Amino acid sequence: MVMMLLANLTGIVISIFIGYIVFRFLSKSSLIHFLKKWWRSLEEKCYVYQFYKVPKFNEHLQENQLHRKVYVYLNSLPGMEDSDFTNLYSGNKSAEINLVLDSNQVVLDDFLGARLYWKNEETSSRSLILKIRKKDKRRILVPYLQHIHTVFDDIEQKRKEVRLFVNVDTELQRNGRWRSIPFTHPATMDTVVMDTDLKNKIKSDLENFLKSKQYYHRLGRVWKRSYLLYGPSGTGKSTFIAAIAKFLHYDVYEFDLNKIADDSDLKFLMLQTSNKSLIVIEDLDRYLNAKSTTVSFPGISNFMDGIFSCCGEERVMVFTMNSKENLDPTIIRPGRVDVHIHFPLCDFSGFKILASSHLGLKDHKLFPQVEEIFQIGASLSPAEIGEIMISNRTSPNRAIKTVISALHSNNASRVARRLSGSVSGRGSEELDCKSGLFGRENTNPMKEFKNLYGFLRNKSSRKASIDFDAVERENQNPNPNPDPNSNSSHQS
Ligand SMILES: Nc1ncnc2c1ncn2[C@@H]1O[C@H](COP(=O)(O)OP(=O)(O)OP(=O)(O)O)[C@@H](O)[C@H]1O
Ligand SMILES: [Mg+2]
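- Under an unreviewed UniProt entry, the name given to the protein is AAA-ATPase At2g46620-like, and the organism recorded is Olea europaea subsp. europaea.
- As recorded by UniProt, the Sequence similarities (unreviewed entry) comment attached to the protein reads in full: "Belongs to the AAA ATPase family. BCS1 subfamily."
- As recorded by UniProt, the Cofactor (unreviewed entry) comment attached to the protein reads in full: "Mg(2+)".

### Quick word on the nonpolar core
Item 1. Grouped together as the largest cluster of nonpolar side chains are 41 residues, with contacts concentrated most on L228, L229, I244, A245, L278, V280 and V318.
Item 2. Those elements that place two or more of their residues in this core are β9 (224–230), α7 (237–248), β10 (251–254), α8 (263–271), β11 (277–281), α10 (297–305), β12 (315–321) and β13 (339–342).
Item 3. Top element by residues in this core is α7. It accounts for seven residues.
Item 4. If we skip the residues at most four places from it in the chain, I244 touches L206, L278, V316 and V318.
Item 5. Grouped together as the second largest cluster of nonpolar side chains are 18 residues, V193, L345, F351 and V403 included.

### Observations regarding the site of ligand 1
Item 1. The immediate surroundings of ligand 1 are formed by 15 residues, with S233, G236, S238, P382 and A383 found nearest.
Item 2. Within the shell around ligand 1, the residues separate by chemical class into six nonpolar, eight polar and one charged.

### Topic: the environment of F374
Item 1. Mapped onto the elements, F374 comes out in helix α12 (residues 367–375).
Item 2. Sequence separation of F374 and I404 is 30 residues, and the distance between their C-alpha atoms is 9.4 Å.
Item 3. Excluding anything up to four places from it in sequence, F374 contacts D347, F348, F351 and S379.

### Focus: helix α13 (residues 382–391)
Given 3.6 residues to a turn, an α-helix orients residues that are three or four positions apart in the same direction.
Item 1. Among the residues making up α13, those that are buried are P382, E384, I385, I388 and M389. Each buried residue of α13 sits inside an arc of 170° when the element is viewed along its axis, so together they form one side. Exposed and oriented more than 90 degrees from the buried face of α13 are I390 and S391.
Item 2. Residues of α13 that are buried in the fold lie against α11 (348–359) and α14 (396–420).

### Notes on the packing of α11 against α13
Item 1. Following both chains from N to C, one finds α11 and α13 inclined at 35°, their axes separated by 10 Å at the closest point. By crossing handedness, the relation of α11 to α13 is classed as right-handed. Facing G350, F351, L354, A355, H358 and L359 of α11, the residues of α13 in contact are P382, I385, G386, M389 and I390.
Item 2. Its residues placed into classes, the contact of α11 with α13 shows eight nonpolar, three polar and no charged.

What counts, and at which threshold
- Residues numbered from 1 in each chain as written.
- Chains lettered and ligands numbered in written order.
- Predicted model: local features only at pLDDT ≥ 70, side-chain atom pairs only at ≥ 80, totals over all residues.
- UniProt positions renumbered as here; feature names shortened; annotations may be inferred.
- Core = buried A, V, L, I, M, F, W, Y, C linked by C-beta atoms within 7 Å.
- Buried ≥ 20, exposed ≤ 12 C-beta atoms within 10 Å, placed from the backbone.
- Helix = DSSP H or I, 4+ residues; strand = E, 2+ residues; numbered from the N terminus.
- Contact = placed C-beta atoms within 7 Å.
- Near = placed C-beta within 6 Å.
- Nonpolar A, V, L, I, M, F, W, Y, C, P; charged D, E, K, R; others polar.
- Arc of directions from axis to C-beta.
- Axes fitted to C-alpha atoms, helices over the stretch in contact; angles between N-to-C directions.
- Left-handed = near helix turned anticlockwise from the far one by under 90°.

Right, here's the structure in full:
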């Protein structure tokens, strides 16, 4: 009995083993590929198909834009990589390789549960032929073509060179008021030192904005999103603007308010900006707090509200400030500024990120000493710490020692000022923040947020903060017909 059981068991184990070997052989050999192909062609024979032709040229021999869009779309499909045969071309950037359809190549695509077949017919008249099951046609054809348009727009946007536009004086306007150069700033979202959660929140906020066209239109709102970056000098605000531009592949229009004659000039310049662009005003606080201003307060408010953008949309506005205090709070009210992002001076975790990126150090025997001095309140801006590390990059030991002594002297002058009472006035504290010598120990972010919206979402006074208050409110009063593409719930 036992012998029989053992024999059966051995038989089962041997059959499993043989089955496994056969399966491995089939999956590695071309047989499985042929079986799949045979099954697919059998399946195809069971359905009735509809064909659509997208010719490369129209009857006037002009290029059919739809052909171009579909062609670009097809070349981007993951199915291209699985094709039996395709062309490889080098791209514009070095080391970039593109997969390009070959003549008569067939590519498969899936959309909303339907399978679509495209053939690149390069006979006398070059065309792309779409084959689609008749039963799926009515359901998916229109959304599928819209999907191709959207993907094409995205690809084009990513390919195009990002440019930086700056406005010139009214006297120099013979060639237009905007001058542009390629925007080659090396900063990216990865290189900016910032709390990782906060960075991810900002990235998904930007991505959601891009997907929310219908939602904004249904609400009758200008499709724009405004960010306020505030914090002491050298904390990465301008660098972050470059990172946003790269992330979105948007051109940057930097408005220099000092070169703008009046409100209507500001309006004129705004009308000359293009869609899908980043509108930037740096140091807005300094301009608003200055005595002589050519552009009025309502002029700037209207600009921030986006009501000037009568003819364009999809704009991201970014304003930078060293401090939100001393400002008329209406200038940064929700709707006018959607997201507030604080750029703090360095803390120990920021220091560690800088040490890792600038010196390649994950840990060091002097780190506990650095942590200790951060804990007693000393601080420097990422710009200052980064600079010390760059100039001492050949000797990480020396770099950290220099950071420690810079932190010590920062702490000593901070204590001396406190004793002499000179930090009691907020104005002088701002000045110190600009030179990067002082922390924000007197600036309570909780108070700032409460003052503005009666609301706080800040992990610690040293950590960068983001205020999604406006979005929260949208979530609390959701639109009865929310846009399926719009997703702001992640921000809560
Ligand atoms: N958070 C950061 N991440 C990465 N680099 C930073 C950061 N902060 C500062 N730096 C570096 O310090 C230098 C100055 O930064 P940046 O000009 O962005 O500061 P800022 O906040 O705009 O200052 P300001 O208020 O004076 O305009 C840049 O070279 C940048 O690379
Ligand atoms: Mg700056």
